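Understanding the architecture of this molecule
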Amino acid sequence: MATRSIFRQVIPVNDQWHTLFLRGPIVHVATRHEDCVEIWFIEDSAAGDEPRTLRVYGTGHAIDEPAAVHVGSAITPSGRFVWHLL
């Protein structure tokens, strides 16, 4: 029997692409720290792993990948930065 659960992953703010293997959609993007973005996703045990390659960009930074799709944005607790997950 398939089950669904919500899980969290952390993506560092380090100008690198990160490949995660998720079994469902990303449902929320946020941050509690200035050096990372967090995602919450629904994992379906019946689904196969789907590789997702994600990177954090700052406001005003050049997006060097033309095919990148915006997933969500998050304001750091200090309000100093707004991170954008693509």
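Look above for the structure.
First, a word on what this report is: a plain description of the structure on this page. For clarity, every value in this text was computed on a predicted model and none was experimentally measured. (Residues numbered from 1 in each chain as written. Predicted model: local features only at pLDDT ≥ 70, side-chain atom pairs only at ≥ 80, totals over all residues. Heavy atoms only, no water.)

So, on to the sheet that holds strand 8 (residues 82-85). Pairing within the open sheet is antiparallel, and its three strands lie in the order 6-8-7. Edge positions in the sheet fall to strand 6 (56-58) and strand 7 (72-75), since each of these pairs with one other strand and no more. This sheet shows a mean twist of 30 degrees between the axes of neighbouring strands, independent of strand direction. Looking at chain direction, strand 6 and strand 8 are connected through three bridges and run antiparallel. Among the inter-strand pairings, Tyr57 is bridged to a residue of strand 8, identified as His84. (Pairing = 2+ DSSP bridges. Helix = DSSP H or I, 4+ residues; strand = E, 2+ residues; numbered from the N terminus. Axes fitted to C-alpha atoms, helices over the stretch in contact; angles between N-to-C directions.)

Attention now goes to the side chain of Thr76. Structurally, the position occupied by Thr76 is in the loop between strand 7 and strand 8. Accessibility expressed as a relative area gives 2% for Thr76, which makes it buried. What Thr76 contacts, discounting residues up to four positions off in sequence, is Thr31, His33, Glu34, Phe81 and Trp83. (Buried < 20%, exposed > 50% of the residue type's maximum accessible area, 1.4 Å probe, protein only. Contact = heavy atoms within 4.5 Å.)

What follows is about the pairing of strand 7. Consecutive residues of a regular strand have side chains that alternate between opposite faces of the sheet. Side chains Gly72 and Ala74 project from strand 7 onto a buried face, and the interleaved Ser73 and Ile75 project onto a face without burial. Summarising the sheet, strand 7 and strand 8 pair through four bridges and their orientation is antiparallel. The partner of Ala74 across the bridge, within strand 8, is Trp83.

Our next topic: the packing of aromatic side chains. What the rule picks out here adds up to three aromatic pairs. Note on Phe7 and Phe41: the rings are 6.3 Å apart at their centroids and 35 degrees apart in plane angle, and the pair reads as tilted. With a gap of 34 residues between them, Phe7 in strand 1 (residues 4-12) and Phe41 in strand 4 (residues 36-44) connect regions that are remote in the sequence. Relative accessible area serves as the criterion here: at 3%, Phe41 is assigned to the buried category. (Phe/Tyr/Trp six-rings, centres within 6.5 Å; stacked < 30°, edge-to-face > 60°.)

Before going further, it helps to examine the pattern of salt bridges. Overall, the coordinates contain six salt bridges when judged by the stated rule. Note that Arg55 and Asp15 form a salt bridge whose closest N and O atoms lie 3.9 Å from each other. Of this pair, Arg55 sits in the loop between strand 5 (50-54) and strand 6 while Asp15 sits in the loop between strand 1 and strand 2 (18-22), placing them 40 residues apart in sequence. Judged by its relative accessible area of 9%, Arg55 falls in the buried class. (Salt bridge = Lys/Arg side-chain N within 4 Å of Asp/Glu carboxyl O.)

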